[in-house]
4 protein chains.
Amino acid sequence: MSSATRKRAREIGIRIGSLTPGKLNAISDVLGVVVGHTTLIKGSGQLIPGKGPIRTGVTAILPHQGNLYEEPVTGTVHIINGYGKAVGLAQLLELGRIDCPILITSTLNVGLVEDAVTEYQIRENPQAGISKKTPNPIVAECHDGYLNDVQGRHVRTPHVINAIQNARKEVQEGCVGAGTGMMAYGYKSGIGTASRILSPKHGGFIVGSLVVPNCGRQGDLIVDGVRFTNLQKEETNPDRGSVEGGSIIVVVATDAPLSSRQLQRLARRAVIGIGRTGSVVSHGSGDFVIAFSTASQEEQTTESLVVNRTQLKESLLTPFFGAVVETTEEAILNALFMATTLTGRDNHIGEALPMHELSLLK
Amino acid sequence: MSSATRKRAREIGIRIGSLTPGKLNAISDVLGVVVGHTTLIKGSGQLIPGKGPIRTGVTAILPHQGNLYEEPVTGTVHIINGYGKAVGLAQLLELGRIDCPILITSTLNVGLVEDAVTEYQIRENPQAGISKKTPNPIVAECHDGYLNDVQGRHVRTPHVINAIQNARKEVQEGCVGAGTGMMAYGYKSGIGTASRILSPKHGGFIVGSLVVPNCGRQGDLIVDGVRFTNLQKEETNPDRGSVEGGSIIVVVATDAPLSSRQLQRLARRAVIGIGRTGSVVSHGSGDFVIAFSTASQEEQTTESLVVNRTQLKESLLTPFFGAVVETTEEAILNALFMATTLTGRDNHIGEALPMHELSLLK
Amino acid sequence: MSSATRKRAREIGIRIGSLTPGKLNAISDVLGVVVGHTTLIKGSGQLIPGKGPIRTGVTAILPHQGNLYEEPVTGTVHIINGYGKAVGLAQLLELGRIDCPILITSTLNVGLVEDAVTEYQIRENPQAGISKKTPNPIVAECHDGYLNDVQGRHVRTPHVINAIQNARKEVQEGCVGAGTGMMAYGYKSGIGTASRILSPKHGGFIVGSLVVPNCGRQGDLIVDGVRFTNLQKEETNPDRGSVEGGSIIVVVATDAPLSSRQLQRLARRAVIGIGRTGSVVSHGSGDFVIAFSTASQEEQTTESLVVNRTQLKESLLTPFFGAVVETTEEAILNALFMATTLTGRDNHIGEALPMHELSLLK
Amino acid sequence: MSSATRKRAREIGIRIGSLTPGKLNAISDVLGVVVGHTTLIKGSGQLIPGKGPIRTGVTAILPHQGNLYEEPVTGTVHIINGYGKAVGLAQLLELGRIDCPILITSTLNVGLVEDAVTEYQIRENPQAGISKKTPNPIVAECHDGYLNDVQGRHVRTPHVINAIQNARKEVQEGCVGAGTGMMAYGYKSGIGTASRILSPKHGGFIVGSLVVPNCGRQGDLIVDGVRFTNLQKEETNPDRGSVEGGSIIVVVATDAPLSSRQLQRLARRAVIGIGRTGSVVSHGSGDFVIAFSTASQEEQTTESLVVNRTQLKESLLTPFFGAVVETTEEAILNALFMATTLTGRDNHIGEALPMHELSLLK
């Protein structure tokens with residue numbers, strides 16, 4: 001089944017929450033945000049560890065298209081469940097600042113992807129680590145081992161740089177980039193995204209999420225409040241997915257001027273969106289939420305001792321929390337709805353969620 | 001409407017999740033746990049700050065009926081959103097140990113209730129703070145100011161001691177104790193509870209929750225996946241409830257032998273149950289989760305340098321997470337379903353959730 | 001020995017660190033900050049729990065003398081060791097905002113002092129908790145039970161309000177307020193304070209600390225790098241102090257425009273100043289650091305969606321860290337140096353640190 | 001000057017604290033712990049980014065010499081200041097478990113070293129990430145850019161595996177492994193270690209620390225309470241060291257049966273040892289403390305639902321805190337005392353601390 005026949009949640013009439021999506025209903029509705037993917041699909045049949053088959057990739061989220069190293073944005077991370085290998089988190093929490101593209105990839109591949117981002121930043125900023133600060137790559141991961149040869153760590157420096165350099169406003173969903181080999185709720189998952197526009201009373205700001213869901217057991221999926229059951233066939237493989245129970249990465253972007261403390265408050269709401277799709281965040285799930293504001297560009301080198309910052313009033317945050325919940329929930333559905341069936345290692349079949357039955361839900 | 005006509009969620013056919021409830025479907029299904037309430041209802045009409053009307057109370061949860069000061073239990077707290085005045089949290093996190101009954105009351109009343117628990121523990125343990133350690137009272141709160149004269153701090157030492165001393169296995173729900181004046185999703189709320197039995201494969205342990213929901217805006221309530229809309233009348237007061245947007249306290253108990261780190265992992269899942277009832281955890285919401293294990297009684301005075309502890313295997317935790325989510329969600333529904341209409345200060349009416357319409361949901 | 005014969009560290013030639021103190025060498029060198037004490041000394045002889053003897057008190061630190069409830073300041077708390085009953089911390093961390101005077105008192109007295117601050121704020125702000133937000137009292141404590149009848153909780157509402165209302169720029173040190181009954185390193189302790197002026201290159205900002213040290217075992221005291229040994233007599237009571245090993249409260253103030261995240265970074269350095277006086281932060285020590293900036297007054301009610309904030313550049317923070325370390329260390333020494341011998345319950349003698357021997361150190 | 005002429009702190013009569021060191025006065029006094037280094041020194045003269053000169057290395061600390069992946073130990077991490085790129089921390093905090101050797105290296109090299117540990121664990125455990133869990137490499141770093149070509153990331157997989165495989169009980173100190181290119185307090189630094197034996201009353205357990213100090217400004221060094229001043233020459237380069245102000249990694253080991261929560265309490269005391277050597281933990285310092293217990297080997301695959309664990313009584317922890325402080329302070333001194341002068345990139349000279357003057361201190 002080609003992705004052309006797949007539809008986003010909203011296209012089949014599912015409307016999550018009450019807020020209005022942005023133009024693209026994507027994280028890139030936040031002005032400046034771009035997303036790039038490198039997708040690696042190669043080989044088939046029996047798993048030969050370190051060789052293949054390859055069903056993996058890498059996704060880059062750029063808060064803006066300038067030089068992030070020179071013009072970082074305000075950001076944070078919230079760890080829902082820390083069973084994951086994400087890197088760059090300590091410095092992000094200490095300084096509240098993102099100075100590299102955010103990368104998502106396969107679990108065992110985080111080291112090489114971190115190194116690739118370092119390489120990228122050194123090329124772009126020749127004094128990095130010499131007369132100037134070291135960049136802080138942020139790399140998150142999910143385990144795509146149900147379909148992919150994870151031991152191979154097939155994502156290499158050129159793939160990472162390609163994802164960064166080809167990032168654009170149109171966000172591809174489904175089995176691309178980091179989403180290539182992912183599974184959620186027993187079905188093929190991938191990349192999903194969604195956005196919401198706050199009311200004029202709340203400044204008309206945009207909140208967008210991008211997710212890589214690799215979580216949830218077969219039978220747990222909830223679609224807009226309704227537990228999804230495959231009517232056409234018995235569930236035969238309740239533990240489909242990785243041995244450790246999956247993970248989910250959520251990236252939240254906004255153009256509202258929020259401090260890192262305020263972004264932290266937003267990030268902590270994503271778990272509600274995740275939970276509404278059925279997950280209880282299992283023991284082995286590495287669930288991480290990275291959030292940033294494009295409006296709070298961080299201090300640059302000037303003579304002044306201080307920076308002037310604009311900050312949203314605290315009491316206005318509740319609708320932003322709602323937007324995080326709605327976009328996270330809808331982005332997860334989009335990741336499932338847009339993913340297509342993919343066969344991987346040992347002929348494991350990552351079956352796409354049956355669209356026909358989804359339509360019946362509405 | 002008397003509470004006799006109210007029904008728990010399960011009594012009208014609503015079944016949250018897939019696990020089986022315990023005998024009472026209450027936190028007290030965890031052996032040893034008892035709950036006591038003191039309910040204060042007095043006066044009516046116009047608010048005279050500091051005088052009344054009084055619509056408040058206090059609820060005590062005792063992990064066991066022995067001397068907690070001498071035989072503490074393992075516990076923890078997770079702060080979902082820290083806009084609240086709960087006390088005793090720093091020591092609870094440092095030591096992973098609960099040595100006092102857990103109390104819940106009205107926001108501005110936490111100081112007096114803390115002092116009352118101190119008084120109680122001194123009476124029971126005459127050397128407390130002299131030749132022996134100081135007790136660490138744990139008191140959480142929600143803001144019952146829509147119906148109650150909060151400035152009056154009407155809960156006093158005898159009320160607290162009464163709640164502790166009259167704690168029993170049968171848990172009253174609805175407008176009692178700390179739940180007396182609470183509102184959630186625009187309707188009258190109160191005390192709610194629920195429990196789940198883990199499968200024999202997971203040891204047959206019990207997980208129970210007790211909640212005091214005072215959160216959620218009118219129109220946001222979700223009942224088992226379905227957004228609740230009052231068919232009979234227009235929503236006229238979307239901001240019913242406190243000026244700050246409410247709060248929720250969740251207490252989770254289990255008889256499984258869990259460390260404080262493991263209990264922390266359980267506690268962090270309660271937000272999913274909260275979110276599934278419609279809340280996005282608003283800015284002004286103080287959402288705290290206190291969790292304890294009755295099986296992990298803490299070290300006592302012996303000659304030995306070490307204590308021997310039994311601890312559940314980490315990889316078995318996922319079903320416990322599910323149980324926390326299910327019991328939290330169901331306990332919130334029970335709090336709403338069992339609460340009855342109550343008129344309070346300035347003739348504010350805390351209207352009970354219409355049961356007839358709830359029945360239509362099923 | 002009267003306090004007239006006691007001298008501050010600097011008066012006997014001890015110079016901690018390299019920065020220059022402010023005019024008063026006190027937390028109140030930070031413009032606007034005032035400190036008030038109520039000291040309670042009554043009775044003598046045998047401890048009659050609940051009656052006396054009384055050797056306790058309460059100290060109020062006001063970030064400014066306006067209405068904090070209406071004009072809160074940016075603040076934070078860092079918990080070095082959470083064996084303590086401090087209240088108000090969750091909301092302080094969530095919002096990064098202090099809207100009440102900061103109070104310090106005796107361990108078992110925190111509930112009543114919290115209630116007294118609530119009472120004070122209600123009187124000053126009649127709509128608090130009704131049509132407006134609830135105030136968030138911040139109360140920290142140390143255990144003065146070596147000299148004081150702790151079970152009596154002798155600090156009551158009038159004492160708290162007196163400390164707040166009589167707060168002034170001149171900070172009394174030694175056996176006053178919360179320091180009245182405290183012991184540190186086996187000697188009589190009390191209130192201590194110190195300040196530092198940052199260089200013009202760093203904006204000439206002020207950092208001040210106020211401490212209530214009740215920590216450290218006899219024999220552990222280090223004075224400016226030199227371990228202090230009482231030459232005149234054998235140590236006979238190594239465990240003098242409370243059964244649990246004491247505590248220390250540090251309050252850090254600055255007029256630099258710092259965010260709550262930046263203040264958190266300052267607060268985390270106080271432990272170095274504590275450690276340099278000899279403490280290893282024992283198991284039973286409740287060591288809390290509260291920090292605030294008078295320059296970052298928080299948002300007020302206007303029509304605008306945003307607040308404009310000035311924030312110090314991150315890379316300038318290191319000298320502030322040094323100032324926190326220096327002022328904390330010196331304030332602890334001042335607390336010991338300014339305290340006078342006091343006899344308390346059961347004729348326990350809290351002996352002042354012998355000044356003559358201290359002079360020999362230099 | 002060869003390292004043969006260098007002496008450890010204790011060899012020149014400096015005795016930090018009051019506890020007795022273990023036989024080797026090294027982290028490996030904790031039975032089972034071994035340490036390995038790979039040292040890379042190559043080229044000289046002008047920095048050619050990516051090429052050299054090379055003054056770097058990698059250090060491996062193994063909690064035991066069995067298969068850590070199959071037999072993990074209980075561990076934790078405390079972040080004093082998060083300006084660092086350490087990886088593996090989220091999962092370590094979530095599970096309280098270390099299942100890989102701990103590696104320390106140069107800042108920009110963490111990605112490649114993480115990947116090398118992954119490679120090592122895959123080779124040792126062919127089903128890792130396939131039918132069994134993924135390993136969680138823990139890699140910390142300091143910035144050796146004053147002497148080393150950091151952009152080159154010269155530590156590669158064979159170097160890492162060599163450090164792991166050649167780990168032994170004898171711990172080399174000074175300019176080896178991760179310490180090769182490090183600077184502290186303006187002088188050449190390196191690897192340092194120390195240990196303490198608890199009294200029989202406290203079980204006779206061992207606490208050991210290993211440090212890689214790369215922190216502190218010239219002029220700030222304190223040696224056993226005395227500020228060190230180079231009498232022989234003026235300080236000419238106060239900012240010697242990296243542009244960001246350095247870092248320090250501390251690894252704490254013990255054979256006492258401690259839970260991850262208890263280890264966290266130990267880890268939080270290391271900052272006092274750091275502070276006593278003069279550092280105030282500058283803005284750009286990535287100060288991380290990793291702690292583990294060899295006695296608390298984690299759960300393995302058996303039929304039982306529970307594991308039986310022995311845990312030290314909480315009230316016995318204070319002397320362990322003292323041991324952490326003492327060993328951290330002494331290990332830092334050892335790192336400086338054992339390091340020899342090394343010339344690196346752009347002919348920067350990392351001058352060894354003058355031993356003659358140190359002797360005068362005593």
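About the cut-offs
Residues numbered from 1 in each chain as written. Chains lettered and ligands numbered in written order. Predicted model: local features only at pLDDT ≥ 70, side-chain atom pairs only at ≥ 80, totals over all residues. Heavy atoms only, no water. Least-squares fit on C-alpha atoms with pLDDT ≥ 70 in both. Contact = heavy atoms within 4.5 Å. Helix = DSSP H or I, 4+ residues; strand = E, 2+ residues; numbered from the N terminus. Buried < 20%, exposed > 50% of the residue type's maximum accessible area, 1.4 Å probe, protein only. Phe/Tyr/Trp six-rings, centres within 6.5 Å; stacked < 30°, edge-to-face > 60°. Lys NZ or Arg CZ within 6 Å of the ring centre and 35° of its normal. Buried area = accessible area lost by both parts, 1.4 Å probe. Polar contact = N/O pair within 3.5 Å; in protein donor to acceptor, adjacent residues only side chain to side chain. Nonpolar A, V, L, I, M, F, W, Y, C, P; charged D, E, K, R; others polar.

Participant: Honestly, the relation of the copies chain A and chain D in this entry has me stumped. Any pointers?
Facilitator: After a rotation of 180° and a shift along the axis of 0.0 Å, chain A superposes on chain D with an RMSD of 0.0 Å. Here the transformation between the copies is reduced to the relation of a two-fold axis. Closest approach to the rotation axis among the C-alpha atoms of chain A is made by Gly111(A), whose C-alpha sits 2.0 Å away. Looking at the interface residues of chain A, 98% of them are also at the interface in chain D, so both copies use one shared face.

Participant: What should I look at first to understand unusual backbone geometry in this one?
Facilitator: The peptide bond linking Gly52(A) to Pro53(A) adopts the cis configuration, its omega dihedral lying at 0°. Tracing the sequence through the fold places Pro53(A) in the loop between strand 1 (34-42) and strand 2 (54-62). Positive phi outside glycine occurs at Arg153(B), with the angle close to 40°. On the accessibility criterion, Arg153(B) (7% relative accessible area) is buried. Positioned with a positive phi, Val281(D) is a non-glycine residue whose angle comes to about 60°. Along the chain, Val281(D) turns up in the loop between helix 5 (270-276) and strand 14 (286-297).

Participant: How should I be thinking about the packing of aromatic side chains in this particular structure?
Facilitator: Here a ring pair, both rings aromatic, is described through the centre-centre distance and the interplanar angle of the planes. Considering all chains together, one arrives at 8 aromatic pairs over all chains under this definition. Ring geometry for Phe205(C) and Phe320(C): centres 6.1 Å apart, planes at 40°, overall tilted. Within this pair, whereas Phe205(C) is found in the loop between strand 9 (192-197) and strand 10 (206-215), its partner Phe320(C) is found in helix 6 (residues 318-338), the two being separated by 115 residues in sequence. Taken as a pair, Phe205(C) and Phe320(C) share a single burial class, namely buried. Ring geometry for Tyr187(D) against Phe228(D): centres 6.1 Å apart, planes inclined by 80°, an arrangement best described as edge-to-face. With a gap of 41 residues between them, Tyr187(D) in strand 8 (residues 187-188) and Phe228(D) in the loop between strand 12 (226-227) and strand 13 (246-254) connect regions that are remote in the sequence. You'll find Tyr187(D) and Phe228(D) in the same group, each marked buried. We note Arg269(A) situated over the ring of Phe321(A); from NZ or CZ to the ring centre the distance is 3.7 Å.

Participant: Looking at this model, I keep getting lost on the environment of Phe205(A). Mind explaining?
Facilitator: Residues and elements named next belong to chain A. According to the relative accessible area criterion, Phe205 is buried, its value standing at 14%. Placed 54 residues apart in sequence, Phe205 and Ser259 show a C-alpha to C-alpha distance of 15 Å. If sequence neighbours within four positions are ignored, Phe205 has contacts with Arg196, Ile197, Leu198, Asp255, Ala256, Pro257, Leu312 and Phe320.

Participant: What exactly am I supposed to notice about the interface of chain A and chain D here?
Facilitator: Accessible area lost during the coming together of the parts is what is often quoted as the interface size. In this assembly, 45 residues from chain A lie in contact with 44 residues from chain D. Between chain A and chain D, roughly 3600 Å² of surface is buried when both sides are summed, and carbon and sulfur atoms account for 54% of that area. Taken together, the connections running from chain A to chain D amount to 22 residue pairs in polar contact (both at pLDDT 80 or more). Breaking the side of chain A that touches chain D down by element, the ones donating at least two residues are strand 3 (73-82), helix 1 (89-95) and helix 2 (110-124) of chain A. Broken down by element, the side of chain A that touches chain D gets its largest block of residues, 8 residues, from helix 2 of chain A. Grouping the constituent residues of the side of chain A that touches chain D by class yields 19 nonpolar, 16 polar and 10 charged.

Nothing here speaks to function; it is all geometry.
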